[in-house]
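This is what each chain is made of:
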Amino acid sequence: MRDYLIKRAVSALVTLGLAIVLNFFLFRIMPGDPTRTVTGDFRITPEVRRALVHQFGLDQPLWVQFVLYLQNLATGNLGVSFQYRGTPVVAIIFGKRLLNTFVLMGSSISVALIIGITIGTIVAWKRESKFDVSVVVFSLMTYSMPVFWLGMMIILIFGYYLAAIPIAGTITVGLTYSNWFQYAADYLYHMIGPFVTLTLSFVGFYLIIMRDSILDVFTEDYMLTAKAKGLSDRKILFRHAMRNALLPMVSLIAVEVTYLFGGATMTETVFSWYGIGRLIYEAVVMADYPILQGIFFVMSILVIAANFCADVAYAFLDPRIRY
Amino acid sequence: MEVKEDRFWLYRRKLGDFWRLYRRSRLGVIGLIIVLSFVIVAVAAPWIAPFEPFYFAGDPLMKPSSTFPFGTDQVGRDIFSRVIYGTRVSLLVGLIASAMTIGLGSAIGLVSGYLGGWVDNGLMRITDLFIILPALPLMLIMASILGKGIMNIIIVITVVGWTATARMVRSQTMSLKERPFIEASRAIGSTDLHTIVRHIVPNVFPLVFANGMIAVVDAILSEAGLSFLGFGDPSSPSWGMVLHYADAAGSTVNGYWWYIVPPGICIMLLVMGFAFISYSTDQILNPRLRRR
Amino acid sequence: MHEGIARAVENVSFTLKKGEMLGLAGESGCGKTTTALSVMRLLPPGGKILNGEIIVDNEDLVKKTDREMRDIRWKKISLVFQGAMNALNPVIRVGEQVAESIVEKEKVSKGEALKRARLLFELVGLDSSRVTNYPHEFSGGMRQRVMIAMALACNPSIVIADEPVTALDVIVQTRILELLKELQRKLSLSVVMITHDLSVIAETCDRVAIMYAGKIVELGNVVDVYKNSRHPYTEALITAFPSIAGKKRRFDSIPGDPPDLTSPPSGCRFHPRCPMQQETCRTLDPEYLKIGPDHYVACHHSEKVETT
């Protein structure tokens, strides 16, 4: 197992290296003049422009810029935002925003996984039954809905018509809290809409994948052995089938992680949730390259880390690798 | 001459077998009907839609009525007509983008899998990189670089989406490469290109086709997402763009449900149609699945 | 590929005596495994027992409910599969796989069951400390021993072994067969040995039933059937195996292929491949007749079969 993990770790590091390099070049090829964005496109004299260019180090040869970039990266300096006049990028990202996205995405993925895996297993057992068909159709429907539309519908139905959930934001603006519980309650109240949206959009996929995986496992010989041993249905399903079916799931989910950020971006935008998904959108619209570069970098790290965690999880789950 | 004809009949027979099996799958047939219905709507749009999509037909934000089945948008255009014309864009982008995606992915997968060695290593590193990059942010950035326009959206979707097909085609090619008939083909002196085209491609094609249906799903949803965020082409409104304008008009907070519901349901139905087709095709073409 | 109902097993009837080993022989696809699965009511979805009886301890298994069958499985009858490659669950330790049926059926604690699993391991010639290993850590022969240990966990009276040694090399084969024979004696098991390999049957079984295309064509004492075959198919099978001690002669393989069971040949199912086929063979299905004290045959020409 150690060899396996070492190999995967090295692979992750190499990919990280490539991501760092790509990150650098990607934003150098973006069109537009950064000096324009910073100064709000006011007419500036050539001297001022030269000074700005020099300040941003854009007059240096490319490789020097690259070295500067790496140095900055090593000290945790991701640059300074264009639109938020001088605020360091790390402060913007690692302030509340990253945490908010984590809370939202983390809870949605967890709940969606749990529901998807358990119900996926159960419907695989009751294949072709009414329950199975309705669950599968429901999953396909939520999978086919664009995330942002689902969010809009939830706002419309529960926010507008039923006035049950807030329409936007992470917390109620202008409200003061007397204790932490009040704050948490308000926060969670605002999270209901985006949480339900994201969970619903993820759960269909997980459910169908798990169902497929279990049906695959059913064709294996050891399932016949389990049945021949006269074990109870529940034991056969959850002890013998599920554990094997989870293995391919882990790999599949790892690959899907990048799409999760897309879902988060959409949801955060629709619900005005103060997270990094929405930050991306804002940064693209405002051409705030430092922020984009920073988020890109952070997201790449997160995805690489998530993939590596999935590799580790797989190593633990599959005894053929462990021993 | 005879060999070519035989191959034609072979493919015809295989297609016939496939169709026979496909017909039996309820989901597959429903999916096909759904997709074909949308295609018909798209083709017949000028005859079906009561108004031109950019025509200011009535007062802004009118509720649905007999003249305007889906009501009007904030500048008075008929939403029903816009949705009908939107079918064209969504379908077109979906199909072209997915075709290019699996085309590019297959090409890279074939080359990588067949040649192996350094070429394979290099291409796989690049593929890994693209897989790691977060999809939507990358799309947004590229869209902002390239600007608005249908072709740009298609390019963006292709650049982000080719990796899945590439990986799959590569592993298929690598396992096919070991088979005896490939060795035989090389032994009689066929060039690599000839071997690839004549022997590997036909065997890889079924899986690529099934994968292609999923690519259509991804393409349609990606286009809808990009358009909603404002990167679509205002001159050819897709369903995503209609929703973008719906959001801009504050439909959710003002209760303009007729603006939100129809385009979204259309997206959902079209995607479901392709998802059903993909599912049924997968069941038939993937021999492992048949055992179940 | 045809579609239709395949009558996988037709008119198969045999008795398993206590403490004996009965061989069930035939080519692939002749219905041996289907017969075995039917006995345990383990047919895959799409398979059905149309009619018949399976009497164990004076009870008809065909009439049992699923619940009752579940109790009977592994307690009265157990199964040893071939290619224990995949028959053992790769993510569960082998000791637990052996123990779980004990826990489930005899309501003992897991610790107690694992202790018994260790004893079973020793019984089949495995190191008892290996109960904590996973299936992939064993070689093919050892995995087969695990399967045997597992099959004996709840002290069944009947064991059905479906091609238990087919996937193993010859030396390991012999050891496993010896083990099976020894266990059978020690535990007074009644065993059905299913295989296409007649030499395996010759080494281990007391009686044998030869199956072809879903029917039993000959059944009897091993010595009788081998030395005094009364069915052309049996005869052909036996001559297909060279004997080291015998004369040098040409290999005789049986021409043709086994029939498609969705549309089997008319009359005697073997007639298209039979060197002795005649008009009656093509039209009339031969009766299953008793031709000796413990010797049955289904052939129109059983008297005329020559033995070498």
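Residues numbered from 1 in each chain as written. Chains lettered and ligands numbered in written order. Predicted model: local features only at pLDDT ≥ 70, side-chain atom pairs only at ≥ 80, totals over all residues.

Caption draft 1: The arrangement of the overall build of chain C in detail. Across its full length, chain C carries eleven helices and ten strands. Overall, the C-alpha framework of chain C stretches about 65 × 50 × 40 Å when taken along its three principal axes. The long-range fraction of contacts in chain C, counting pairs at least 24 apart against all pairs at least 6 apart in sequence, stands at 63%. (Helix = DSSP H or I, 4+ residues; strand = E, 2+ residues; numbered from the N terminus. Contact = placed C-beta atoms within 7 Å.)

Caption draft 2: Local environment of the overall build of chain B. A tally of helices and strands in chain B yields 13 helices and zero strands. Scanning chain B from its N terminus toward the C terminus, one meets helices and strands in the order α-α-α-α-α-α-α-α-α-α-α-α-α. Each principal axis of the C-alpha atoms in chain B carries an extent, and together these give about 75 × 45 × 40 Å. Taken over 292 residues, chain B has a buried fraction of 47%. Across chain B, the fraction of contacts at a sequence separation of at least 24, relative to all contacts at a separation of at least 6, is 69%. (Buried ≥ 20, exposed ≤ 12 C-beta atoms within 10 Å, placed from the backbone.)

Caption draft 3: Local environment of helix α5 (residues 89-125) of chain A. A rise of 1.5 Å per residue sets the reference length of α5 of chain A, with its 37 residues, at 54 Å; its end C-alpha atoms lie 50 Å apart and thus fit the reference within 8%. The largest bend along α5 of chain A reaches roughly 50° and is located at R97 of chain A. (Expected span 1.5 Å × (residues − 1). Bend = angle between axes of the 7 residues up to and from the residue.)

Caption draft 4: Region of the structure containing the sheet that holds strand β4 (residues 77-80) of chain C. All names here are of chain C. Taken in spatial order, the eight strands of this open sheet run β4-β5-β6-β1-β7-β8-β10-β9, and their pairing is mixed. Looking at strand neighbours, the two that pair on one side only are β4 and β9 (289-292), the edges of this open sheet. This sheet shows a mean twist of 20° between the axes of neighbouring strands, independent of strand direction. Bridge analysis of strand β5 (residues 158-162) against strand β6 (residues 190-195) gives five bridges, and the strand direction is parallel. Bridge pairing links D162 to I194 in β6. (Pairing = 2+ DSSP bridges. Axes fitted to C-alpha atoms, helices over the stretch in contact; angles between N-to-C directions.)

Caption draft 5: Up close: the pairing of β6 of chain C. Residues and elements named next belong to chain C. In terms of residue burial, β6 counts as a mostly covered element, since five of its six residues are buried. Here strand β1 (residues 21-25) runs beside β6; their pairing, made up of five bridges, is parallel. Pairing of A25 across the sheet is with T195, part of β6. With helix α7 (residues 170-187) bridging β5 and the parallel β6, this β-α-β connection has right-handed handedness. (Right-handed = clockwise from strand over helix to strand, strands pointing away.)

Caption draft 6: Representation of the pairing of β5 of chain C within the structure. All names here are of chain C. The buried fraction of β5 amounts to four of the five residues, a majority that puts the element mostly inside the structure. For β4 and β5, the ladder comprises four bridges, and the chain directions are parallel. Residue I77 lies in a different strand from β5, and its bridge partner there is I158.

Caption draft 7: The arrangement of the interface of chain A and chain B in detail. Opposite the 42 residues of chain A that make contact, chain B presents 34 residues. Mapped onto the side of chain A that touches chain B, the elements with two or more residues apiece are α1 (2-28), α6 (130-144), α7 (147-161), α8 (180-218), α10 (233-271), α11 (276-286) and α12 (289-317) of chain A.

Caption draft 8: Main features of the packing of helix α4 (residues 79-115) of chain B against helix α7 (residues 150-177) of chain B. Residues and elements named next belong to chain B. The geometry of α4 relative to α7 is characterised by a closest axis approach of 5 Å and an angle of 35° between their N-to-C directions. The crossing of α4 and α7 is right-handed. The class makeup of the residues in the contact of α4 with α7 is 20 nonpolar, eleven polar and three charged. (Left-handed = near helix turned anticlockwise from the far one by under 90°. Nonpolar A, V, L, I, M, F, W, Y, C, P; charged D, E, K, R; others polar.)

Caption draft 9: Fine view of the interface of chain A and chain C. Facing 18 residues of chain A, the contacting portion of chain C comprises 21 residues. When residues of the side of chain A that touches chain C are traced back to their parent elements, those giving at least two are α9 (221-228), α10 and α13 (319-322) of chain A. Of the residues in the side of chain A that touches chain C, the class split is six nonpolar, five polar and seven charged.

Caption draft 10: View of the confidence of the model for chain B. Residues at a pLDDT of 70 or more form 95% of chain B, whose mean pLDDT is 83. The lowest-confidence element of chain B is helix α13 (residues 287-290) of chain B, averaging 55 in pLDDT; the highest-confidence one is helix α2 (residues 26-43) of chain B, averaging 91. (pLDDT = per-residue confidence, 0-100.)

Caption draft 11: Seen up close, the arrangement of the chains. Most contacts, among the two pairs of chains that meet, fall between chains A and B. If you take every C-alpha in chain B and every C-alpha in chain C, the smallest gap between them is 10 Å, and the two do not touch.

Caption draft 12: Quick peek at the environment of E182 of chain C. Residues and elements named next belong to chain C. Here E182 is to be found in helix α7. The exposure class of E182 is partly exposed, given the 13 C-beta atoms found within 10 Å. Sequence separation between E182 and K75 is 107 residues; the distance between their C-alpha atoms is 20 Å.

Caption draft 13: Expanded view of the nonpolar core. Of all hydrophobic cores here, the largest spans 226 residues; its most connected members are I295 of chain A, M139 and V271 of chain B together with A149, M193 and I210 of chain C. Aside from chain neighbours lying at most four places away, what touches M139 of chain B is V156, V160, S222 and L226 of chain B. (Core = buried A, V, L, I, M, F, W, Y, C linked by C-beta atoms within 7 Å.)

Caption draft 14: Molecular detail of the environment of V137 of chain A. Mapped onto the secondary structure, V137 of chain A falls in helix α6. You can call V137 of chain A partly exposed: it has 13 C-beta atoms within 10 Å.

Caption draft 15: Main features of unusual backbone geometry. All names here are of chain C. Here W74, not a glycine, exhibits a phi torsion of approximately 75°, which is positive. The topology assignment puts W74 in the loop between α2 (66-72) and β4. Looking at W74, the number of C-beta atoms within 10 Å reads 25, which means it is buried. With phi around 50°, K107 is a residue other than glycine that occupies positive phi space.

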